[in-house]
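Structural features, examined
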Amino acid sequence: MRPRVVPFGEGALLVELGDEFQENVVGWARGIADTWETDFAFGPAVPAYTSALLRFDPLRIAPTEAEKFARELLPRGEIATIVGDRSRRAIEVPTAYDGPDLAETAERSQLSVEQLVALHAGREYTCYFLGFLPGFAYCGRLDPRIVAPRLERPRERVPAGSVAVADGQTAVYPLVSPGGWRLIGRTELTMFDPAAAEPARIRAGDRVRFVPL
Amino acid sequence: MIRISESGARSTVQDRGRFGHLRSGVPPAGAADPFALAAANALVGNDADAAGIEIIGPPFRFTCDDSRVVAVAGRDVSLATRTRLPGWSSVFVRAGQIVTVHSGERTRFAYLAVSGGIATPVLLGSRATYLPAGLGAALRAGDTLPLGDSGSGAEDAGRHTEPAAYEGQVRAMAGPHDHRFEPDVVAQFFDATFVIDAASDRQGIRLGGVPIAPRAGELQSCGIIAGAVQVPRGGAPIVLLADHQTTGGYPVIATVIAADLGKVAQRVPGESLRFYRVERDEALDALRAERRALDGARISA
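Numbering of residues starts from 1 in every chain and runs along the sequence as written. Throughout, the order in which chains and ligands are written sets their labels, letters from A for the former and numbers from 1 for the latter. Totals for whole chains, interfaces and linings use all residues, but because this is a predicted model, local features are given only for residues with pLDDT of at least 70 and pairs of side-chain atoms are given and counted only at 80 or more. The side-chain numbers reported here are obtained from all heavy atoms of the structure, hydrogens and water having been left aside.

**Re the nonpolar core**
In plain terms, the rule: The set of buried Ala, Val, Leu, Ile, Met, Phe, Trp, Tyr and Cys residues whose side-chain atoms join them within 4.5 Å is what this entry labels a nonpolar core. Partly exposed residues are those whose accessible area sits between 20% and 50% of the maximum for their type, while under 20% is buried and over 50% is exposed, using a 1.4 Å probe and protein chains only. The way it works is that DSSP assigns letters per residue, a run of H or I at least four long becomes a helix, a run of E at least two long becomes a strand, and they are numbered from the N terminus. Domains are outlined according to an automatic or database domain assignment. Whether two residues touch is decided by their heavy atoms; if any such pair falls within 4.5 Å, the residues are in contact.
Within the largest apolar cluster, 69 residues are counted, with the highest numbers of intra-cluster contacts made by Ile2(B), Leu112(B), Ile253(B) and Phe275(B). Among the elements that line this core, the one with the most residues is helix α1 (residues 34-43) of chain B, at seven residues. Each of domain 1 (2-164) and domain 2 (169-295) of chain B gives at least three residues to this core. If sequence neighbours within four positions are ignored, Ile2(B) has contacts with Ile53(B), Phe62(B), Thr63(B), Cys64(B), Leu112(B), Val114(B), Ile118(B), Asp143(B), Thr144(B), Leu145(B) and Leu147(B). With 27 residues, the next largest nonpolar core counts Ala106(A), Val117(A), Ala148(A) and Val208(A) among its residues.

Written out as structure tokens, the structure is:
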């Protein structure tokens, strides 16, 4: 797919850079969001794996004008990288592997529970971005042998501290929330503290490892 | 100070929302029906970013320590002092005078604005309450909240503005992921009559009645906004509201225009909802009309 800019309501644009996850595209999306927020100062932006949501006030900047600026960012290519400019902290997440979807996810992946835990805890992940909930850090990539599509009907209540997997990603639910990821474990670690100087435990770029209890 | 003697089922301080921490995953929060809060603020002479009180399940009863101009807005709302006063109107209240916010059967959110604004501490750049993350708290009987300086007086009371239209179809633009659905599925979406599910809250309104065939395959999570209509794999769409997550992994078939967010937010479980497809120019016209209405309602403090 060619990179493109599509309207998201009248006051936002979605820059889509691709369909497939690629490490350099994460950095590209973040660079576009940075430029939109700091250089253009049009409004907040939310980068994700392969896209950047760009918000603006449509009564202040005509949407067609905003689109023009957004398109100008596309040929710049990868203007930020996920690794390098900031120190990557190593975060360890002590995890009890006893989630309600653990057995089903193992079965779906044609693995034993022990094998699934070993695969999940056996690699270091990178936090690509935060989203969905305060302090919710999207980490990847999951071992491709773990097969975990999102739930068909999201749960209305996922407990805080749930360690979850979905579509090649893993994360910890920092708060009680509805959610569609498969729950394989839980941690006691506080992932979001609104009173802390840096409220989110994990930040984009950090290296994350899950340690079985 | 405003002193709360009856707090309704759930009441929170809300403003236009917290947009400075989206990248840390902090939802915007703010009023679920943004136009109603904006109108209440305008009627009492407050700035557009002033905080008011969002009330779920009135009655909500309060007094102020000094004289203030107050207004309530929302679907089917009114105020009572000694007499019953209509919503969407500014009312002068004396120090200590007991005021009650009332609502009808079809009220989901009522918005109370007090001249000077609710002056609770600003957290991460906003006064909007977001309960799941401990940003602010649900209001309770016996609570007192600080108020800002009021520039309004008795002469500013009695103003009225036309209540928002809460009935009828909800205008929405297709996309941003409409091209990922079969064309006839998008047509079916704009044709369908949905029913509001009881499992709806400030995060989103769940729509039942007509399942929408989801697209095959997975989508990478992307940033999302209030008004986005997500289609999870089960096919029951969710319209996102103020407490929505900052990113989501379900395809967004359509986006409710900003001017019609309140129309979605204020539907009660069991009511029906139909979408009406518009293009971006119509969404902008509706937003401009809303802005003109607010300018007309605003008293110059």
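**Concerning the pairing of strand β9 (residues 162-166) of chain A**
All names here are of chain A. Worth spelling out the cut-off: Think of it this way: DSSP has to see at least two bridges between two strands before they count as a pair.
The buried fraction of β9 is high, at five of five residues. Covered by surrounding structure in β9 are Ser162, Ala164 and Ala166 together with Val163 and Val165, the residues of both alternating faces. Note that β9 and strand β12 (residues 182-186) share four bridges and pair antiparallel. Pairing of Ala164 across the sheet is with Leu183, part of β12. Taken together, β9 and the strand that follows it, strand β10 (residues 169-172), pair antiparallel across an intervening segment of two residues, in which Asp167 is found at a positive phi of about 50 degrees.

**Observations regarding the state of the cysteines**
Residue and element names in this part refer to chain A. How we decide: In plain terms, two cysteine sulfur atoms within 2.5 Å form what is called a disulfide here.
For the structure on display, the rule yields zero disulfides over all chains. Of all cysteine sulfurs in the structure, the one in Cys127 sits closest to Cys139, which takes part in no disulfide; the separation is 4.9 Å. Note on Cys139: relative accessible area 2%, which makes it buried.

**Digging into unusual backbone geometry**
Residues and elements named next belong to chain A. Residue Gly140 is joined to Arg141 through a cis peptide bond whose omega torsion reads -10 degrees. Turning to its location among the elements, Arg141 is positioned in the loop between β7 (137-140) and β8 (155-158). Its identity is not glycine, yet Ala41 carries a phi of approximately 55 degrees, on the positive side. Relative to the elements of secondary structure, Ala41 occurs in the loop between α1 (23-40) and β3 (45-47). The partly exposed category is assigned to Ala41, whose relative accessible area is 46%.

**Focus: the domain arrangement of chain A**
Residue and element names in this part refer to chain A. Heads up, the rule is: What counts as buried area is the accessible surface, traced by a 1.4 Å probe, that two parts surrender upon association, with contributions from both included. Each reported salt bridge corresponds to a side-chain nitrogen of Lys or Arg within 4 Å of a carboxyl oxygen of Asp or Glu. The definition of a polar contact used here is a pair of N or O atoms within 3.5 Å, where within protein one atom must be able to donate a hydrogen and the other to accept one, and adjacent residues in sequence count solely through side-chain atom pairs. Residues are grouped as follows: Ala, Val, Leu, Ile, Met, Phe, Trp, Tyr, Cys and Pro are nonpolar; Asp, Glu, Lys and Arg are charged; all remaining types, including Gly, are polar.
Per the domain assignment, the segments of chain A are domain 1 (4-85) and domain 2 (90-212). If you average the C-alpha positions of domain 1 and of domain 2, the two centres end up 27 Å apart. Each side of the interface is counted separately: domain 1 has eight residues, and domain 2 has 10 residues. Both sides of the domain 1 and domain 2 interface together cover about 740 Å² of buried area, and 66% of this is carbon and sulfur. In this structure, the connection of domain 1 to domain 2 is made through zero salt bridges. Here domain 1 is connected to domain 2 by one residue pair in polar contact (both at pLDDT 80 or more). In terms of residue count, α1 provides more of the side of domain 1 that touches domain 2 than any other element does, three residues in total. Classifying every residue of the side of domain 1 that touches domain 2 gives six nonpolar, no polar and two charged.

**So, helix α2 (residues 183-191) of chain B**
All names here are of chain B. Applied cut-off: Arc definition: it is the arc formed by the directions from the helix axis to the C-beta atoms.
Every buried residue of α2 is accounted for by Val185, Val186, Phe189 and Phe190. The buried side chains of α2 occupy one side of the element, clustering within an arc of 135 degrees when seen end-on. Across from the buried face of α2, at angles greater than 90 degrees, the exposed residues are Pro183, Asp184 and Asp191. As for α2, its buried residues are in contact with β12 (170-174), β13 (194-196), β16 (228-230), β19 (252-256) and β21 (275-277).

**Observations regarding the sheet that holds strand β2 (residues 10-14) of chain B**
Residues and elements named next belong to chain B. The condition that has to hold: Note on method: axes are straight lines fitted to C-alpha atoms, helices fitted across the in-contact stretch only, with angles between N-to-C directions ranging 0 to 180 degrees.
A sheet is described by the order of its strands in space; here five strands give the open sequence β2-β3-β10-β5-β8, paired in antiparallel fashion. Two strands in the sheet have a free side with no partner beyond their single neighbour: β2 and β8 (90-93). Going across the sheet, the axis of each strand differs from the next one's by a mean of 25 degrees, ignoring polarity. Looking at chain direction, β2 and strand β3 (residues 52-56) are connected through five bridges and run antiparallel.

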